[in-house]
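A look at the structure
Spelled out from the first residue to the last, the chains are:
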Amino acid sequence: MEGTGSGIRRRVSTRKRSRRSLRETAAAPSGAGRGAGGGEEAPAHNGGEEDMCDGYDSFAENSFLAHVDDLEQKYMQFPECGIITAQPAFDKPCSKSTETSESEIIATDGNLTEVRTRDYCHSPKTLSLQENVTIEPGDDLLYDVPCSQALYLEKTEDSTSDLNKPSAKESYPLPSHQNLNEIPVEQPQEKKKLSPKSTESDPSRRRSLKDRLKSAMTGNAKAQTPKFSKRKQLKEAILSEEINVAKRTMESSSDDLGPFYSLPSKVRDLFVQYKGIKKLYDWQHTCLTLTCLQQRKNLIYSLPTSGGKTLVAEILMLQELLCRQKSVLMILPYVAIVQEKLHMIGEGSRGAILEITLAKILYTSKTTQIIGMSATLNNVEELQEFLKADYYTSKFRPVELKEYLKINDTIYEVDIKAEKGYTFSRLLKCKYSDNLKKMDPDHLVALVTEVIPNYSCLVFCPTKKNCENVADMICKFLNKDYLKHREKEKCDFLKNLKNVSNGSLCPVLKRTIPFGVAYHHSGLTNDERKILEEAYSTGVLCLLTCTSTLAAGVNLPARRVILRAPYIATQFLKRNQYQQMIGRAGRAGIDTVGESILILQEKDKHLVLDLVNSPLENCYSHLGQEITKGIQSLLLSLIGLKIARNLEGIYDFMCGTFFGIQQKSLSEEKSLWEISQKALEGLIEKGLLQRQSVCKNGEESQCDLQITKLGKASLKGTLDLAYCDILYKDLKKGLEGLVLESYLHLIYLTTPYDMVSQCRPDWMIYLSRFNYLSSAEQKVAAIVGVSESFITKKASGQAIKKEVDKNIVNRLYLSFILYALLKETNVWSVSEKFNMSRGYVQALLSGAASFSSCVLHFCEELEEFWVYRALLTELTKKLSYCVKADLVPLMEVTGVLESRAKQLYDAGYKTVAHLANADPEVLIRTIDHLSRRQAKQIVSSAK
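The structure displayed is predicted, hence computed values, not measured ones. (Residues numbered from 1 in each chain as written. Predicted model: local features only at pLDDT ≥ 70, side-chain atom pairs only at ≥ 80, totals over all residues. Heavy atoms only, no water.)

**With respect to the overall build of the protein chain**
We count it as follows: Secondary structure is summarised from DSSP: a helix means a run of H or I of at least four residues, a strand means a run of E of at least two, and numbering begins at the N terminus for each. Each residue's exposure class comes from its accessible area (1.4 Å probe, protein chains only) as a fraction of the maximum for that residue type: buried when under 20%, exposed when over 50%, partly exposed otherwise. Contacts: residue pairs with any heavy atoms within 4.5 Å of one another. In short, Shrake-Rupley with a 1.4 Å probe defines the accessible areas, and a residue's cover is counted only from the protein chains shown.
Regarding its fold elements, the protein chain presents 38 helices and 20 strands. The 943 residues of the protein chain split such that 48% are buried. At a minimum sequence separation of 6, the contacts of the protein chain that also span at least 24 residues come to 69%. Accessible surface computed for the protein chain: about 47200 Å², of which carbon and sulfur atoms make up 49%.

**Quick word on helix H38 (residues 932-942)**
Rules: Taking the helix axis as origin, the arc is that swept by the directions to the C-beta atoms.
Taken together, the buried positions of H38 are Gln934, Ala935, Ile938, Val939 and Ala942. Buried residues of H38, seen end-on, are gathered within an arc of 130° and therefore sit on one face of the element. Against helix H15 (487-500), helix H17 (526-537), helix H35 (898-906), helix H36 (912-916) and helix H37 (920-926) lie the buried residues of H38.

**Comments concerning the environment of Cys457**
Mapped onto the secondary structure, Cys457 falls in strand E12 (residues 457-460). Discounting chain neighbours no more than four positions away, the residues touching Cys457 are Val448, Val451, Ile452, Tyr536, Cys542, Leu543, Leu544, Ala558, Arg560 and Ile562.

**Looking at the pairing of strand E13 (residues 517-520)**
Stated formally: With strands facing away from the observer, any crossover in which the path from the first strand over the helix to the second runs clockwise is taken as right-handed.
A two-sided burial pattern is seen for E13, the buried positions comprising Val517 and Tyr519 on one face and Ala518 and His520 on the other. For the handedness criterion, the β-α-β arrangement of E13, H17 and strand E14 (residues 543-546) is classed as right-handed.

**As for the sheet that holds strand E7 (residues 371-374)**
Let me state the cut-off plainly: Two strands qualify as a pair provided that DSSP identifies no fewer than 2 bridges between them. Only the stretch in contact is used when fitting a helix axis, every axis being a line fitted to C-alpha atoms; angles between N-to-C directions are given from 0 to 180 degrees.
Spatial strand order, E7-E6-E8: three strands in an open sheet with parallel pairing. Because the sheet does not close on itself, it has two edges, and the strands there are E7 and strand E8 (389-393). Strand-to-strand, the axes of this sheet are offset by a mean angle of 15°, without reference to chain direction. Inspection of the sheet shows strand E6 (residues 298-302) paired to E7 by four bridges, in the parallel sense. Residue Leu299 lies in a different strand from E7, and its bridge partner there is Ile371.

**Things to note about the sheet that holds E12**
Two orientations exist for strands paired in a sheet by backbone hydrogen bonds: parallel and antiparallel. Spatial strand order, E11-E10-E9-E18-E15-E12-E14-E13: eight strands in an open sheet with mixed pairing. Each of the sheet's edge strands pairs with one partner strand only, and the pair in question is strand E11 (422-427) and E13. Sheet twist, expressed as the mean angle between neighbouring strand axes with direction ignored, is 25°. The sheet contact formed by E13 and E14 spans four bridges and is parallel. Bridge pairing links Ala518 to Leu544 in E14.

**Details of the pattern of salt bridges**
Just so we agree on the cut-off: Each reported salt bridge corresponds to a side-chain nitrogen of Lys or Arg within 4 Å of a carboxyl oxygen of Asp or Glu.
For the coordinates displayed, the defined rule picks out 21 salt bridges. Ionic pairing is found between Arg296 and Glu320, a salt bridge with its closest N-O pair at 3.0 Å. With Arg296 in the loop between helix H8 (291-294) and E6 and Glu320 in helix H9 (residues 309-323), this pair connects stretches of sequence that are 24 residues apart. Owing to a relative accessible area of 3%, Glu320 belongs among the buried residues under this scheme. One salt bridge in this structure joins Arg838 and Glu528, with 2.7 Å as the shortest N-O distance. A residue pair is termed long-range when its members are at least 10 positions apart, and Arg838 in helix H33 (residues 838-860) and Glu528 in helix H17 qualify at 310 residues. The network of salt bridges with common partners includes Arg426, Glu450, Arg560 and Glu595.

**Things to note about the packing of aromatic side chains**
The way to describe two aromatic rings as a pair is by their centre distance and the angle between their planes. Here is the rule: When two rings of Phe, Tyr or Trp (its six-membered ring) have centres within 6.5 Å they constitute a pair, described as stacked for plane angles under 30 degrees, edge-to-face for angles over 60, and tilted for the intermediate range.
Taken as a whole and assessed by the stated rule, the structure comprises 21 aromatic pairs. Arranged with centres 5.6 Å apart and planes meeting at 85°, the rings of Tyr753 and Phe851 form a pair that is edge-to-face. Residue Tyr753 is located in the loop between helix H27 (744-749) and helix H28 (763-771), and its partner Phe851 is located in helix H33; the two are separated by 98 residues in the primary sequence. As far as the burial class goes, Tyr753 and Phe851 line up, both buried. When the ring of Phe770 is compared with that of Phe816, the centres are 6.3 Å apart and the planes differ by 70°; the resulting orientation is edge-to-face. With Phe770 in helix H28 and Phe816 in helix H31 (residues 806-824), the pair connects residues that are 46 residues apart, well separated along the chain. An identical accessibility class is assigned to Phe770 and Phe816; each is buried.

**A few points about the packing of H15 against H17**
For clarity, the cut-off: These descriptions rest on fixed angle ranges, namely under 35 degrees for roughly parallel, over 145 for roughly antiparallel, 65 to 115 for roughly perpendicular, and the rest for oblique. Handedness of a crossing is defined here by the sense of rotation of the near helix relative to the far one, left-handed for an anticlockwise turn of less than a right angle and right-handed for a clockwise turn. Note that Gly is not counted as nonpolar here; it falls among the polar residues with everything else outside the nonpolar set of Ala, Val, Leu, Ile, Met, Phe, Trp, Tyr, Cys and Pro and the charged set of Asp, Glu, Lys and Arg.
Following both chains from N to C, one finds H15 and H17 inclined at 165°, their axes separated by 9 Å at the closest point. In terms of axis orientation, H15 runs roughly antiparallel to H17. H15 and H17 meet at a crossing whose hand is right-handed. Contact residues: H15 offers Phe493, Asn496, Leu497 and Val500, while H17 offers Asp527, Glu528, Ile531, Leu532 and Ala535. In terms of residue class, the contact of H15 with H17 is made up of six nonpolar, one polar and two charged.

**What to know about unusual backbone geometry**
Here Ile452 and Pro453 are connected by a cis peptide whose omega angle stands at 5°. Position of Pro453 among the secondary structure elements: in the loop between helix H13 (444-449) and E12. Despite not being glycine, Gln325 shows a phi value in the positive range, around 55°. Its location among the elements puts Gln325 in the loop between H9 and helix H10 (348-364).

**Considerations on the state of the cysteines**
Where we set the bar: Disulfide assignment relies on a single distance test, namely cysteine sulfur atoms paired within 2.5 Å.
Scanning the model with the defined rule gives zero disulfides in all. Cys292 supplies the cysteine sulfur nearest to Cys287, a cysteine that is in no disulfide, at a spacing of 7.4 Å. With relative accessibility at 0%, the residue Cys287 sits in the buried group.

**Describing the packing of helix H6 (residues 265-275) against H9**
Geometrically, a packed helix pair is captured by the angle between its two axes and the distance between the axes. Remark: H6 packs on H9, axes separated minimally by 12 Å, with the N-to-C direction vectors making an angle of 140°. Compared by their axis directions, H6 and H9 come out oblique. Considering the relative orientation of H6 and H9, their crossing is right-handed. Here Val267, Phe271 and Lys275 of H6 come into contact with H9, specifically with Leu311, Glu314, Ile315, Leu318 and Leu322. Class assignment for the residues of the contact of H6 with H9 results in six nonpolar, no polar and two charged.

**Section: the side chain of Ser394**
Put simply, the rule is: Polar contacts here mean pairs of N or O atoms no more than 3.5 Å apart (in protein, one a potential hydrogen donor and the other a potential acceptor; neighbouring residues in sequence count only if both atoms are side-chain atoms).
Within the fold, Ser394 resides in the loop between E8 and strand E9 (400-407). Within polar-contact distance, the side chain of Ser394 engages the backbone nitrogen of Phe396 at 3.1 Å. With sequence-adjacent residues up to four places away left out, Ser394 is seen in contact with Trp283, Ser302, Leu303 and Pro304.

**Topic: the side chain of Thr512**
By the secondary structure assignment, Thr512 is in helix H16 (residues 507-512). Filtering out sequence-adjacent residues up to four positions away, Thr512 remains in contact with Ala471, Asp472, Cys475, Val517 and Ala518.

**Overview of a positive patch on the surface**
The criterion, for reference: Within this analysis, patches are made of residues with over 30% relative accessible area and no salt bridge. Like charges are joined at 9 Å or less; nonpolar side chains (Val, Leu, Ile, Met, Phe, Trp, Tyr) at 5 Å or less. In this tally Asp and Glu are treated as negative and Lys and Arg as positive; neither His nor the chain ends contributes. Charged groups are reduced to one reference atom each: NZ for lysine, CZ for arginine, CG for aspartic acid, CD for glutamic acid.
Where like charges cluster on the molecular surface, the positive patch consists of Lys642, Arg645, Lys709 and Lys712. Locating Lys642 in the fold gives a position in the loop between helix H21 (631-640) and helix H22 (647-655). Among the residues examined, Lys642 registers a relative accessible area of 59% and is labelled exposed.

**Things to note about the nonpolar core**
Across soluble globular proteins, you tend to see nonpolar side chains buried next to one another. Convention followed: For our purposes a nonpolar core is just a set of buried Ala, Val, Leu, Ile, Met, Phe, Trp, Tyr and Cys residues, chained together by side-chain atoms within 4.5 Å.
Ranked by internal contacts, the top residues of the largest apolar core, which has 104 residues, are Leu635, Met654, Leu731, Tyr766, Ile817 and Phe858. At twelve residues, the largest contribution of residues to this core is made by H33. Residues contacting Met654, with those up to four places away along its chain left out, are Leu623, Ile631, Leu634, Leu635, Phe659, Gly660, Leu672 and Ser676. In terms of nonpolar packing, the next biggest core, distinct from the first, is built from 73 residues, Ile474, Cys506, Val517 and Leu563 among them.

These values are about where atoms sit, not about what they do.
This is how it looks when you write it as structure tokens:
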């Protein structure tokens with residue numbers, strides 16, 4: 001058998017079946033095979049108390065190993081019979097001229113009679129395994145070996161070169177394989193007889209097999225045998241092969257795609273199973289097969305809202321992960337390869353940060369692919385130039401959108417071809433009492449009752465308070481029949497909502513949810529928003545009154561979208577914002593049409609015509625406007641990361657930014673060079689950069705820039721550079737008299753600066769909380785510069801002669817809130833005590849946890865602040881969790897919030913492993929208010 005040129009791999013099932021003896025196996029006729037049905041399978045190995053010798057009570061001559069010897073000798077004596085001998089531990093490694101071949105299963109029918117081998121030394125060939133014997137899973141001489149031993153033999157497959165050496169040991173290098181049951185089978189040599197010399201060597205080879213089997217069995221006698229399913233293994237083999245095909249397809253220049261856009265068919269099945277997507281839209285197919293994507297070029301694609309853009313992004317990400325095995329960067333909250341809703345580049349500090357990220361990637365990596373998607377783009381040529389990307393667009397919408405305007409009791413349809421931009425549609429027919437007219441002058445009740453409860457509806461309101469008022473008002477005039485619609489589900493939902501809120505429930509939601517109505521805005525906690533969104537998606541809620549943030553961040557479509565007014569707070573709507581809101585109208589696969597209705601007053605009529613008919617606004621860079629978070633932050637990181645060393649290098653980088661491309665239109669007074677120079681001077685003044693003298697050819701020149709220790713600390717802490725010098729001073733001052741009797745002083749130092757301006761203290765509450773402070777905590781207030789007399793005068797409305805820094809006063813008030821949270825951990829009770837929305841309190845806690853981590857990293861770079869490091873580490877953990885430590889692992893599972901984690905923990909599910917092994921049906925019976933869908937999601941996520 002030494003001249004074997006290639007090996008054939010096949011799968012051997014480790015499930016027990018009705019077995020023949022090994023001697024009968026050797027004598028089996030060539031035509032012996034199982035029928036299509038194959039007979040019943042016996043139960044899988046238990047593995048717990050299994051006899052590892054499979055019924056044999058010794059290693060004597062009548063044992064299983066003796067049968068192995070006999071059968072092996074019989075095979076050795078008749079190599080010309082065409083019997084394929086299984087010698088997993090004795091395959092001779094191929095020489096340079098004869099290398100091991102790799103096989104692919106290309107037939108998956110019952111008999112599995114064809115195996116294709118890819119020989120790396122010879123041309124591909126197909127071998128038939130039907131000459132003299134049909135090998136079945138039960139016929140293999142190693143079939144009865146427990147899978148722990150099969151694993152041992154498999155791992156020693158490639159170590160056979162040491163067996164012929166006198167000093168061969170019992171332990172060999174253990175190569176790994178993807179499947180436990182993938183055992184190599186050696187190909188017989190045609191018409192080749194064994195020489196006497198080779199025959200003489202066989203007993204030692206057989207003895208080695210026997211000895212090693214004994215050693216393996218003895219060593220693994222107590223090992224538990226894993227359970228395997230032949231059907232599952234076959235599916236895994238097919239999936240593995242599809243992935244290999246996809247990889248080769250992606251690496252080749254061929255236009256031939258894999259089973260599902262270069263992905264395994266399993267991916268397609270998962271989209272059908274979990275998302276109900278059976279077929280892609282035509283535009284999605286066209287986009288995914290673009291030549292630029294096959295060549296891994298950058299791409300921007302733009303479609304109306306609800307067109308299916310995210311699905312394309314998901315498929316592209318899976319191609320990177322599965323086929324190319326490359327990393328994928330997601331810029332949250334918008335799904336991306338390195339992608340974002342590109343119109344966000346033009347929105348304040350968020351846009352500046354996005355632009356900085358993309359600019360660095362473009363400058364430093366030539367192999368990273370950037371995919372950008374957006375529903376609202378106008379000046380796409382400039383974005384293409386910035387991202388060096390191709391562009392694809394379509395006007396496709398899965399559901400037709402009809403736009404309407406409502407003025408008084410008349411409905412007009414938007415028509416850009418009409419002279420006025422709109423045409424008469426209908427009069428609103430509704431019978432309003434005098435009281436209803438007074439309460440609902442905009443006829444909202446009439447508009448929503450045309451749709452709900454059978455269809456869904458969104459009502460966008462200008463302010464958070466208006467959301468709550470509108471929801472409450474609508475429910476006051478709804479018919480009592482609405483209470484009966486999905487009554488039990490709404491009752492369960494209310495209980496669930498109360499559970500996630502630690503027993504508390506908003507009085508407005510308590511009144512509106514029985515009617516299927518709720519409000520949605522940032523004043524709610526994250527848990528509340530998530531559970532409301534889920535209830536709306538499943539139809540338990542049919543109407544949401546919401547703010548514009550829902551249009552930008554959450555995909556909750558509706559049959560009808562109503563804009564309560566053309567304003568966000570006091571600012572008139574922009575065209576992009578209007579498009580985002582009305583884009584939620586029409587649910588693919590559910591509705592045949594989507595409707596949007598914009599409610600107008602006569603005074604806004606002329607403004608709205610421009611709103612609905614004008615082109616989209618251009619997208620502009622905010623790198624120059626957001627100085628500290630924008631251009632200064634960028635330049636500091638360029639010097640700190642050594643991407644650039646001087647003004648010339650900075651200028652070269654800036655020319656490739658979105659700001660550099662738009663610079664002439666954004667700033668006609670100053671050139672890009674002058675803007676860059678001024679930003680660098682600002683960094684030097686702050687002490688974040690310093691000039692470094694460089695000698696060239698014996699002459700000294702001041703041209704290079706170097707980051708200072710303060711600059712490194714600011715960079716590592718990812719601080720807004722507007723606050724880095726303030727933080728340094730506060731920490732320095734804190735060292736003079738750091739109060740460690742409580743966490744209040746540390747909390748003050750880690751209270752986010754950017755949330756101070758939003759704070760509006762309630763002075764009576766401020767005074768009340770001040771009076772509850774201990775002497776050590778009052779000392780903290782004195783150190784930062786806030787006295788009790790000042791708070792008393794503010795609460796009583798007295799005149800203040802000596803003003804105190806407003807920012808310090810507000811920051812201390814926020815510190816009181818965080819300090820209360822640290823002790824109580826209940827957002828509801830703390831928000832009530834301080835008369836603030838629970839959403840704001842939760843956002844403050846999240847911001848403080850994040851900023852505390854930033855301050856910790858800042859201190860790590862500065863030796864003078866070493867005393868803060870251990871203290872801030874502990875505080876950061878407390879702020880991050882503010883829940884029971886035992887619940888934290890459970891809350892890492894998707895769908896498990898704090899209240900749900902407490903339920904699971906109390907029910908005995910105390911680890912992620914417990915959840916992964918849970919039965920969803922048992923969870924449903926054990927955990928109150930847990931739906932089957934939620935239970936399956938929790939178990940799947942835990943696994």
